[in-house]
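Breakdown of the fold
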Protein chains: 2
Amino acid sequence: MIFSGDLTPGSRLPSETELASQFGVGRQTIREALRLLELSGFVIMRKGGAGGPIIVDTILNTLANSFLDIFRMGRITIDELTTARTEIEKVVLVYTFKSIDESDIHALQDNVLKAKAKLEDGIQAFEENVQFHKLLAKASKNHVFVAVMESIITMVAHFRSLLGADLALSERATLEHTQILDALVKGQKKLGLELLEKHLLYIDGRFKEFSSEQAATASNNDLSGTLRPDES
Amino acid sequence: MIFSGDLTPGSRLPSETELASQFGVGRQTIREALRLLELSGFVIMRKGGAGGPIIVDTILNTLANSFLDIFRMGRITIDELTTARTEIEKVVLVYTFKSIDESDIHALQDNVLKAKAKLEDGIQAFEENVQFHKLLAKASKNHVFVAVMESIITMVAHFRSLLGADLALSERATLEHTQILDALVKGQKKLGLELLEKHLLYIDGRFKEFSSEQAATASNNDLSGTLRPDES
DNA sequence: TCACATTTGTCCGTATGTATC
DNA sequence: AGATACATACGGACAAATGTG
């Protein structure tokens, strides 16, 4: 029913006990089935009066968390990550140039404005800097690109968050985002691609510096993090 | 412990009852925790004497299933899928040319030989044709590319399996795989890229024919499939 | 602010099917 | 072929959380 669209986000399923009697099985069986749906990103469980299993759509989150698991297992090096990110984002940007529309541009402009406001207050615009690239992918209007980029960017953001704050980095990133957005608005495809490549090259360079510094100081084993960090 | 490498595939965890008493919780709580690990691709549950929760590594499978969920929800059109597949695979092939080694070539040769053997017997080499592209990605030696391509190819294969058998298509695919492999062996990068592009263009064209034919005949709603089809 | 109904979260005990030795 | 170990499933019960009146 979820696949066919009969159940859309916001719909509320019957309670566990009701589902159990409807299907003629025990509550534990229903619970594990609901747990599967929850982990697949199709429902969330809310306690209390108006609670119960509620249809949601957090599959992109689930997908990104799967990628994060691979990263956390140490099977992906920072070099592999940045290489793949750069190559794929370049390809996606070509389609973004083809398909971008007014609302995309507005969202991107809003993003850099918010980032600049934060920087004015002396705090780094980490979330906005990450979000900028997700918005770029969305503007390509290809859901596969969106899903892939969302996952890769999430891994990059996870790695970035492991390295403390860096106001200067966020400032430079925001500036370069502004330039890329400007090229997008003006339809300067070649310039936009060059700017993106330079931008990613710089960011990746800083990442590699960071990771070698970190490797030199301590053996950060990242066991403090939860398994499912952010279900926003 | 899985992330840090203390638990590697093949390790066996204590039984549910033992884990429950170790952590001071009930069995159902342990069961749901194990279910989470199972769905995340970290363990499988085996019944019987030497059974119990066993550490495995099927995260790529979990990842691909997440993508499949998005596809099944109808959020990805066949056009978006083939476009993204073509663009990303072209990028990956560049890295495959850089990093391919003897064992990769051997695996690819083995693949086309098996495919030809099947075709000789008059049966289509569906699995081998799919596997060829996964092997190409593996030869890039970039785990992000591997994960992304594995997922995309799985979606393509899922869609392909919805359209009945087609011996001629499999024959042509195998032939073109042979040519691409030949270019790889000889290091003819430009030729290889051209061959891949032509190959994907043809396959995608057939897919679009198929899907328009299908749309004309019946409203296939794909509800017969299981939620978690292949946990090989 | 307080009580109440609803629903999930967790627990225990028990029974059964099943794979392995 | 039988014993064993284990997951799977059921029913009943209570605690905790959450929204409503």
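Reading the values: rules and limits
Residues numbered from 1 in each chain as written. Chains lettered and ligands numbered in written order. Predicted model: local features only at pLDDT ≥ 70, side-chain atom pairs only at ≥ 80, totals over all residues. Heavy atoms only, no water. Near = heavy atom within 4 Å. Polar contact = N/O pair within 3.5 Å; in protein donor to acceptor, adjacent residues only side chain to side chain. Helix = DSSP H or I, 4+ residues; strand = E, 2+ residues; numbered from the N terminus. Nonpolar A, V, L, I, M, F, W, Y, C, P; charged D, E, K, R; others polar. Phe/Tyr/Trp six-rings, centres within 6.5 Å; stacked < 30°, edge-to-face > 60°. Buried < 20%, exposed > 50% of the residue type's maximum accessible area, 1.4 Å probe, protein only. Contact = heavy atoms within 4.5 Å. Buried area = accessible area lost by both parts, 1.4 Å probe. Salt bridge = Lys/Arg side-chain N within 4 Å of Asp/Glu carboxyl O. Expected span 1.5 Å × (residues − 1).

Let's shift gears to the protein's contact with DNA strand D. Residues in contact with DNA strand D amount to 21 residues; listed here are only the nearest, Gly26, Thr29 and Gly49 of chain A together with Arg12 and Arg31 of chain B. The protein-proximal atoms of DNA strand D, defined as those within 4 Å of the protein, are 75% sugar or phosphate. Interatomic distance of 2.9 Å between a side-chain N/O atom of Arg12 of chain B and a phosphate oxygen of DNA strand D. Those elements giving two or more residues to the surface near DNA strand D turn out to be helix H2 (27-39) of chain A together with helix H2 (27-39) and strand E2 (52-55) of chain B. For the surface near DNA strand D, a count of residues per class yields three nonpolar, nine polar and nine charged.

What follows is about the packing of aromatic side chains. Residue and element names in this part refer to chain A. Applying the stated criterion to the full structure yields eight aromatic pairs over all chains. Relative to Phe145, the ring of Tyr95 lies with its centre 5.5 Å away and its plane at 55 degrees, an arrangement referred to as tilted. On the criterion of sequence distance, the pair formed by Tyr95 in helix H4 (residues 78-99) and Phe145 in helix H7 (residues 143-162) is long-range, its members being 50 residues apart. For Tyr95, a relative accessible area of 16% translates into the label buried. Pairing Phe159 with Phe207 gives two aromatic rings, centres 5.3 Å apart and planes at 70 degrees, and the pair type is edge-to-face.

Residues and elements named next belong to chain B. Here Phe126 is to be found in helix H6 (residues 126-138). Spatially, the C-alpha atoms of Phe126 and Glu171 are 9.9 Å apart, while their sequence positions differ by 45 residues. With near-sequence residues (within four places) excluded, Phe126 lies in contact with Ala157, Arg160, Ser161 and Ser170.

Contact residues are listed per partner, giving 41 residues for chain B and 41 residues for chain A. Interface of chain B and chain A: buried area, both sides summed, is about 4500 Å²; carbon and sulfur atoms make up 70% of it. Its largest share of buried area at the contact with chain A, chain B owes to Phe3, Glu32 and Val144 of chain B, together 15% of the area lost on that side. Summed over the shared surface of chain B and chain A, the result is six salt bridges. The salt bridge involving Glu32 of chain A is made with Arg31 of chain B; its shortest N-O contact spans 2.7 Å. For the pair chain B and chain A, the number of links is 14 residue pairs in polar contact (both at pLDDT 80 or more). Taken together, the elements giving at least two residues each to the side of chain B that touches chain A come down to H2, helix H3 (59-72), helix H4 (78-99) and helix H7 (143-162) of chain B. Examining the composition of the side of chain B that touches chain A, we find that nine residues originate from one element, H3 of chain B, more than from any other. Across the side of chain B that touches chain A, the residue classes break down as 23 nonpolar, seven polar and 11 charged.

On to the protein's contact with DNA strand C, then. The environment of DNA strand C is formed by 22 residues, the closest being Arg27 and Arg31 of chain A together with Gly26, Arg27 and Thr29 of chain B. Here a sugar or linking oxygen of DNA strand C and a backbone polar atom of Gly48 of chain A are 3.1 Å apart. Going through the elements one at a time, H2, strand E1 (43-46) and strand E2 (52-55) of chain A together with H2 of chain B are the ones with two or more residues in the surface near DNA strand C. For the surface near DNA strand C, the element with the most residues is H2 of chain B, which contributes three residues.

All right, on to the environment of Glu176 of chain B then. Residue and element names in this part refer to chain B. Topologically, Glu176 is positioned in helix H8 (residues 167-186). By relative accessible area, which is 10% here, Glu176 ends up buried. For the pair Glu176 and Asp104, spaced 72 residues apart in sequence, the C-alpha separation works out to 18 Å.

Here we take up helix H8 (residues 167-186) of chain A. Residues and elements named next belong to chain A. Its 20 residues give H8 an end-to-end C-alpha distance of 29 Å, which sits within 8% of 28 Å, the value for a rise of 1.5 Å per residue. Listed as buried for H8 are Leu169, Ser170, Ala173, Thr174, Glu176, His177, Ile180, Leu181, Ala183 and Leu184. Of the residues that open H8, the one with a side-chain oxygen 3.2 Å from the backbone nitrogen of Ala168 is Asp166. At the C-terminal side of H8, Gly187 shows a positive phi close to 70 degrees.

The values are spatial; any link to function lies outside them.
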